[in-house]
Amino acid sequence: ADERMPALLADLQAVAGGPAGGALTGLPLLERELLIIVQRDTLRVTAVALLLLLLLLGVTYCSWRPVAATLLPLLLAWVWFGAALSLCRLTLNLFNLLVVPLCIGYGIDDHVFLIDRFRRARRSTSASGGAGELASLQGPAQAIVLTSLATIAGFGGLLVSRLSGLRQLGQTGALAVLFCLVAALLILPALLPALLPRSSNDEPGP
């Protein structure tokens, strides 16, 4: 069992280090070493992905407000994701660690579409309130729901796999996409009127 593995490995290391000599090998040791490497590389890859993302958003928007509107809901989505992993007792392993950088890029898409539609609607209307701009998000929101559910269904197909690693990949991937969707549909629209006010100097011209 996993909880007995550390004690077992310590005993075997003591034998190998004794007069008999020898070295340990085997799948459990290989998996542990690979997990350490993947965890370290995932942190590096995720950090690079975030830096590139910030650079891309900054060059695209030339303003901190749309960048904040893009990233704040996603930050909340990842907090939910971490809490869900804890509640469901899911751990990040060799398989599902790939979900982290993958869904960072995927989650940005929905927010960018909605922000772009909101900005276009705000430039094209003379109304003083934000109801018209928020109503304009209905069209892309329907498409976002469909594409996100399709991606969740793709991850859900992995749940029938006999390999536990692939099942966990399906679970974590589906959760990550679901939380990104919830953040895009519920959190982002609430932030847009405040972060992109009509009178803001950051608002681009026609």
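Everything quoted here is computed from the prediction, not taken from an experiment.

Each helix and strand counted, the protein has seven helices and zero strands in total. Listing each helix as α and each strand as β along the protein from the N terminus yields α-α-α-α-α-α-α. The C-alpha atoms of the protein give a radius of gyration of 23 Å, which is well past the 17 Å a tight globule of 206 residues would have. Projected onto the principal axes, the alpha-carbon positions of the protein cover approximately 85 × 35 × 20 Å. The burial tally for the protein puts 35% of its 206 residues in the buried class. A separation of at least 24 residues holds for 75% of the contacts in the protein among residues at least 6 apart in sequence. For the protein, the computed accessible surface area is about 12100 Å², with 68% contributed by carbon and sulfur atoms.

Turning our eyes to something else, we now look at the environment of Gly22. Residue placement: Gly22 occurs in the loop between helix H1 (5–16) and helix H2 (27–61). Sequence-wise, Gly22 and Val67 are 45 residues apart; in three dimensions their C-alpha atoms are separated by 56 Å.

This paragraph deals with the packing of H2 against helix H3 (residues 64–87). If you want to describe how two helices pack, look at the angle between their axes and the distance between the axes. Here H2 crosses H3 at 140°, and the two axes come no closer than 9 Å. With respect to H3, the axis of H2 lies oblique. Like other packed secondary-structure pairs, H2 and H3 cross with a definite hand, here right-handed. Along the contact surface, H2 presents Leu53, Leu54, Leu57, Gly58 and Tyr61, while H3 presents Pro66, Val67, Thr70 and Leu71. A class-by-class count of the residues in the contact of H2 with H3 yields seven nonpolar, two polar and no charged.

Counting residues in each nonpolar core, the largest one holds 22 residues, and the members touching the most others are Ala69, Leu114, Ile115, Leu188 and Leu192. When residues of this core are traced back to their parent elements, those giving at least two are H2, H3, helix H4 (99–124) and helix H7 (164–195). Filtering out sequence-adjacent residues up to four positions away, Ala69 remains in contact with His111, Ile115, Leu188, Leu192 and Leu195. Ranked by size, the runner-up nonpolar core spans 17 residues in total, among them Leu85, Cys103, Ile152 and Ala174.

Under the 1.5 Å per step criterion, the end-to-end length of H3 is 34 Å for 24 residues, consistent within 8% with the ideal 34 Å. By the burial criterion, the buried members of H3 are Arg65, Pro66, Val67, Ala68, Ala69, Thr70, Pro73, Leu74, Ala77, Phe81, Ala84 and Leu85. Where H3 starts, the residue carrying a side-chain oxygen 3.3 Å from the main-chain nitrogen of Arg65 turns out to be Ser63. Looking one or two residues past H3, Arg89 carries a phi angle of roughly 55°, positive in sign.

In this model H2 runs 49 Å from its N-terminal to its C-terminal C-alpha over 35 residues, within 8% of the 51 Å that 1.5 Å per residue would give. Taken as a whole, H2 has its buried residues at Leu29, Thr42, Thr46, Leu53, Leu57 and Tyr61. Just downstream of H2, Cys62 is the residue with a positive phi angle, here 55°.

Once that is clear, we can look at unusual backbone geometry. The phi torsion at Cys62 lies on the positive side, around 55°, for a residue other than glycine. Topologically, Cys62 is positioned in the loop between H2 and H3. Positioned with a positive phi, Arg89 is a non-glycine residue whose angle comes to about 55°. By secondary structure assignment, the location of Arg89 is in the loop between H3 and H4. When its relative accessible area of 77% is taken as the criterion, Arg89 is described as exposed.

Calculation criteria
- Residues numbered from 1 in each chain as written.
- Predicted model: local features only at pLDDT ≥ 70, side-chain atom pairs only at ≥ 80, totals over all residues.
- Heavy atoms only, no water.
- Helix = DSSP H or I, 4+ residues; strand = E, 2+ residues; numbered from the N terminus.
- Rg over C-alpha atoms; globule rule 2.2 N^0.38 Å.
- Buried < 20%, exposed > 50% of the residue type's maximum accessible area, 1.4 Å probe, protein only.
- Contact = heavy atoms within 4.5 Å.
- Areas by Shrake-Rupley, 256 points an atom, 1.4 Å probe, with all protein chains shown as cover.
- Axes fitted to C-alpha atoms, helices over the stretch in contact; angles between N-to-C directions.
- Parallel < 35°, antiparallel > 145°, perpendicular 65-115°, else oblique.
- Left-handed = near helix turned anticlockwise from the far one by under 90°.
- Nonpolar A, V, L, I, M, F, W, Y, C, P; charged D, E, K, R; others polar.
- Core = buried A, V, L, I, M, F, W, Y, C linked by side-chain atoms within 4.5 Å.
- Expected span 1.5 Å × (residues − 1).
- Polar contact = N/O pair within 3.5 Å; in protein donor to acceptor, adjacent residues only side chain to side chain.

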